Amino acid sequence: SCLLVVMMGIAWRATITTSGVGRHLIGLALVGAATFYMRYGAVMPIVALGLAVFVTMPNRWNHRRQFLAALGLFLALLFPHFALATVELGAPWAIISLAGGAAAQGQGFPLVAYLGWLPWTLVGPVGAVLAVLGTGSIVRTWLRQGLARAEPSPSTEVDRLRNLVGLSALLQLAVLGSFIHP
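Residues numbered from 1 in each chain as written. Predicted model: local features only at pLDDT ≥ 70, side-chain atom pairs only at ≥ 80, totals over all residues. Heavy atoms only, no water.

Talk me through the overall build of the chain; I want residue IDs and the actual numbers.
If you tally the helices and strands in the chain, you get 8 helices and 0 strands. Along the chain direction, N to C, the helices and strands of the chain fall in the order α-α-α-α-α-α-α-α. Taking all 182 residues of the chain together, 31% fall into the buried category. With an accessible surface of roughly 11,000 Å², the chain has 71% of that area assigned to carbon and sulfur atoms. (Helix = DSSP H or I, 4+ residues; strand = E, 2+ residues; numbered from the N terminus. Buried < 20%, exposed > 50% of the residue type's maximum accessible area, 1.4 Å probe, protein only. Areas by Shrake-Rupley, 256 points an atom, 1.4 Å probe, with all protein chains shown as cover.)

This is the structure:
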């Protein structure tokens, strides 16, 4: 969904800005709720992106109140969904569970199969080249940052974007391959 791309842009701005973090996080909550209502299956990318923002943001503990406010707003915006699901199906997460169950029907797709398909089978030849280049770039950034931890040099905006995208993708791949398609 194009709303996930908008969320990624807002998330990146939240990780590189030094002021106005709260408004970016509130924007992320608003667009995240709209994305969820457009497609229930987007819940995993929304959650993964939210976690990735929290982990990759510098001085994240200084912004914990803004994170909690954004999370509270996101959950409040999803309250009508939870109420309807509870009334109709007996549990607030029932519609999401049904959607996940529908995705898991058919042949099992364990994480090992996902990794075997990457990148060629899932995204084709051009996507495979881009996926390999992107993965290499993310791994290089993680290694460089891990080796440079003794030095207090801050990460660049590009490093933060790589970390944000890489962590979000890794979380989604792990959860989808382990729980949704066991």
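I'd like a rundown of the packing of helix α1 (residues 2-16) against helix α3 (residues 43-56), residues and numbers included.
It is the contact of α1 with α3, at a shortest axis distance of 10 Å, that shows an interaxial angle of 10 degrees. When the interaxial angle is binned, α1 and α3 end up roughly parallel. In contact with Leu 4, Met 7, Met 8, Ala 11 and Thr 15 of α1, α3 contributes Pro 45, Ile 46, Leu 49, Val 53 and Thr 56. (Axes fitted to C-alpha atoms, helices over the stretch in contact; angles between N-to-C directions. Parallel < 35°, antiparallel > 145°, perpendicular 65-115°, else oblique. Contact = heavy atoms within 4.5 Å.)

Kindly report on a nonpolar patch on the surface, identifying the contributing residues and their values.
Taken together, the side chains of Val 126, Val 129, Leu 130 and Leu 133 make up a nonpolar region of the molecular surface, amounting to roughly 420 Å² of accessible area. Looking at the element boundaries, Val 126 is found in helix α7 (residues 120-147). Using a relative accessible area of 60% as the deciding quantity, one classes Val 126 as exposed. (Patch = residues over 30% accessible without salt bridge, like charges linked within 9 Å, V, L, I, M, F, W, Y side chains within 5 Å. Salt bridge = Lys/Arg side-chain N within 4 Å of Asp/Glu carboxyl O.)

Could you give an account of the packing of aromatic side chains, naming the residues involved and the relevant values?
Per the counting criterion, the structure on display carries 2 aromatic pairs. With a centroid separation of 5.8 Å and an interplanar angle of 75 degrees, the aromatic rings of Phe 36 and Tyr 37 are classed as edge-to-face. What makes Phe 36 buried here is its relative accessible area of 1%. When its relative accessible area of 36% is taken as the criterion, Tyr 37 is described as partly exposed. Between the aromatic rings of Phe 54 and Phe 67, the centroid separation amounts to 4.8 Å while the plane-to-plane angle is 85 degrees, which identifies the pairing as edge-to-face. Taken as a pair, Phe 54 in helix α3 and Phe 67 in helix α4 (residues 64-89) lie far apart in primary sequence, 13 residues in all. A relative accessible area of 23% places Phe 54 in the partly exposed class. (Phe/Tyr/Trp six-rings, centres within 6.5 Å; stacked < 30°, edge-to-face > 60°.)

Pulling in residues and values, what's your account of the nonpolar core?
As a rule of thumb, nonpolar side chains are buried together in soluble globular proteins. Membership of the largest hydrophobic core comes to 23 residues, with the highest contact counts inside it found for Leu 25, Leu 28, Val 53 and Met 57. If you list the elements that add at least two residues to this core, you get α1, α2 (21-38), α3, α4 and α8 (157-180). When residues of this core are assigned to their parent elements, the largest contribution, 7 residues, is made by α2. Leaving out residues up to four positions away in the same chain, Val 53 has contacts with Ala 11, Thr 15, Leu 25, Leu 28, Phe 67 and Leu 164. (Core = buried A, V, L, I, M, F, W, Y, C linked by side-chain atoms within 4.5 Å.)

Describe in detail the packing of α2 against α4, supporting the description with residues and values.
Their axes nearest at 9 Å, the elements α2 and α4 cross at an angle of 20 degrees. With respect to α4, the element α2 is oriented roughly parallel. Here the hand of the crossing between α2 and α4 comes out right-handed. Counted together, Gly 22, Leu 25, Ile 26, Ala 29, Leu 30, Gly 32, Ala 33, Phe 36 and Tyr 37 of α2 and Gln 66, Phe 67, Ala 69, Ala 70, Leu 73, Phe 74, Leu 77, Leu 78, Pro 80 and His 81 of α4 form the full contact between these two elements. Its residues placed into classes, the contact of α2 with α4 shows 15 nonpolar, 4 polar and no charged. (Left-handed = near helix turned anticlockwise from the far one by under 90°. Nonpolar A, V, L, I, M, F, W, Y, C, P; charged D, E, K, R; others polar.)

Geometric values such as these leave the question of function open.
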